[in-house]
Amino acid sequence: MKLFIDTGSVAEVEEIAAWGVLSGATTNPTLLSKEEGDPGDILRRICELVDGPTSAEVVSTEPEGMVAEGRALARLHPHVVVKVPFSAAGLTATRELTSEGIRVNMTLVFSATQALLTAEAGATYVSCFMGRVDDISVDSAAVVGEIVDALGPDREAQVLAASLRNPMHAVTAASLGCEVATVPGKVLKQMLVHPLTEAGIERFASDWQSRPEFGEWLQGLVSQGEPVAR
Ligand code: G3P
């Protein structure tokens, strides 16, 4: 399962892109509205940093407006994927944009029936909001699982799990067969953490320091600086 970062913050993308685990990014009007600066510059910078699909959302609710905004967003950078909220107008706009070679991420999809319509309209990504489903006391794993099953193993549209609120949402999305999960920076940082990993690193460091001559040996090796023969 590919990992995208779900944010409008260039600083957050810069920090986490350095881990080498990101394949893309998603933004939305709420996330971008929290940021200072020109939205176009922010989106272009995020595209460059993740060097992969970066979703930018239309705000019009009419097909013509969605298509016009979609074309404009797509012109910002080759990595831009146009994010379209699910609706009948959104389906119409998706069909038009995809017929022009513009990739669409259909967002605010909350059911298998909406996902089936989204896939038939030609969307590249079907975004289901796990956190928001859980917020209304509905089991997001059941909803995402039904979407994956309904679209089938030979699906062209990729199931993108969004609105992830905790690390286990990412595990659930992967286990259910989602192609992508878009994860807030805070949750990506939580995914790093395990007490045994920290304890293990401390133990290795203290055991190594108990043999200072080994430290000198390794420093000697480092200072030799010969290229690694592979
Ligand atoms: O990409 C969608 C995501 O940003 C929504 O997250 O936490 O507002 O449900 P949330």
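Shown above is the structure to which this text applies.
Throughout this description, residue numbers start from 1 for each chain and increase along the sequence as written. With the structure being a predicted model, the display of local features is reserved for residues of pLDDT at least 70 and the display and counting of side-chain atom pairs for 80 or more, all residues being used for whole-chain, interface and lining totals. As a rule here, side-chain values come from all non-hydrogen atoms in the structure, and water together with hydrogens is ignored.

1. Describing the overall build of the protein
Spelled out, the test is: Elements are defined by DSSP. Helices are runs of H or I of four residues or more, strands are runs of E of two residues or more, and each kind is numbered from the N terminus. A simple rule labels every residue: compare its accessible area, found with a 1.4 Å probe on the protein chains alone, to the largest value its type can have, and call it buried under 20%, exposed over 50%, or partly exposed in between. Contacts: residue pairs with any heavy atoms within 4.5 Å of one another. Areas reported as accessible are Shrake-Rupley estimates using a 1.4 Å probe. Residue values count occlusion only from the protein chains shown. Counting rule for charge: Lys and Arg are taken as positive, Asp and Glu as negative, and neither His nor the chain ends is counted. Every charge is mapped to an atom, namely NZ of Lys, CZ of Arg, CG of Asp or CD of Glu.
In terms of helices and strands, the protein carries 12 helices and 8 strands. Seen along its three principal axes, the alpha-carbon backbone of the protein occupies a region of about 70 × 40 × 35 Å. Looking at the protein as a whole, 42% of its 230 residues qualify as buried. Restricting the contact set of the protein to residue pairs at least 6 apart, pairs at least 24 apart contribute 57%. Here the protein has roughly 12000 Å² of accessible surface; of this, 57% comes from carbon and sulfur atoms. Positive and negative side-chain charges of the protein, numbering 17 and 31 respectively, have mean locations separated by a distance of 2 Å.

2. With respect to the sheet that holds strand β3 (residues 54-57)
Stated precisely, the cut-off is as follows: Pairing between strands is defined by DSSP: at least two bridges between the two strands are required. Angles run from 0 to 180 degrees between N-to-C directions of axes, and those axes are lines fitted to C-alpha atoms, restricted for helices to the stretch in contact.
If you walk around this closed barrel you meet the 8 strands as β1-β2-β3-β4-β5-β6-β7-β8, and the pairing is parallel. Sheet twist, expressed as the average angle between the axes of neighbouring strands with direction ignored, equals 25°. In this structure, strand β6 (residues 125-129) lies alongside strand β7 (residues 158-162), joined through 5 bridges in parallel fashion. Its bridge partner being in β7, Ser127 is matched across the sheet by Leu160. Contacting β1 (2-6), β2 (22-26), β3 and β4 (80-85), helix α3 (residues 39-50) crosses the sheet at an angle of about 160° to β3. Its contacts with the sheet place helix α5 (residues 88-99) against β4 and β5 (104-109), and it is angled at close to 165° to β5.

3. Some points on the layout of surface pockets
The following threshold applies: Cavities and pockets are found on a 1 Å grid laid over the protein atoms alone: a cavity is a set of points where a 1.4 Å probe fits but cannot escape, a pocket is an open set with protein on both sides within 12 Å along at least five of seven lines, and a lining residue has an atom within 4 Å of such a point. Grid points are joined across faces, edges and corners, and a volume is the space filled by probe spheres set on the points. When residues are sorted by character, Ala, Val, Leu, Ile, Met, Phe, Trp, Tyr, Cys and Pro go into the nonpolar class, Asp, Glu, Lys and Arg into the charged class, and all the rest, Gly among them, into the polar class.
One number sums up the size of the largest pocket: a volume of about 300 Å³. Lining the largest pocket are 19 residues, and of these Asp6, Asn28, Leu31, Arg132 and Ser163 sit closest to its centre. Listing elements by their share of the lining of the largest pocket, those giving two or more residues are α2 (29-32) and α10 (185-192). Considered class by class, the residues forming the lining of the largest pocket number 5 nonpolar, 7 polar and 7 charged.

4. A look at the packing of helix α8 (residues 140-151) against helix α9 (residues 167-176)
Applicable threshold: When an angle is under 35 degrees it counts as roughly parallel; over 145 it counts as roughly antiparallel; between 65 and 115 it counts as roughly perpendicular; any other value is oblique. Each helix crossing is assigned a hand: it is left-handed if the near helix lies turned anticlockwise from the far helix by less than a right angle, otherwise right-handed if that turn is clockwise.
Contact geometry for α8 and α9: axes closest at 10 Å, N-to-C directions at 25°. One finds that α8 runs roughly parallel with respect to α9. With respect to the hand of their crossing, α8 and α9 are arranged in right-handed fashion. Between α8 and α9, the residues in contact are Ser140, Ala141, Val144, Gly145 and Val148 and His169, Thr172 and Leu176, respectively. Its residues assigned to classes, the contact of α8 with α9 shows 4 nonpolar, 4 polar and no charged.

5. Topic: the site of the ligand
Using the following cut-off: Proximity is defined per residue: any heavy atom of the residue falling within 4 Å of a molecule or strand makes that residue near it. Definition of a polar contact: a pair of N or O atoms within 3.5 Å, with one able to donate and the other able to accept a hydrogen when the atoms are protein atoms, and with sequence-neighbouring residues admitted only if both atoms are side-chain atoms. A cavity or pocket is said to hold a molecule if more than half of that molecule's atoms lie within 2 Å of its grid points.
What surrounds the ligand is the set Asp6, Asn28, Leu31, Lys83, Phe129, Arg132, Ser163 and Arg165. Arg132 places a polar side-chain atom, nitrogen or oxygen, 2.7 Å from an oxygen atom of the ligand. One of the side-chain nitrogen or oxygen atoms of Ser163 is found 2.7 Å away from an oxygen atom of the ligand. One can see that the ligand is located within the largest pocket. When its residues are assigned to classes, the shell around the ligand shows 2 nonpolar, 2 polar and 4 charged.

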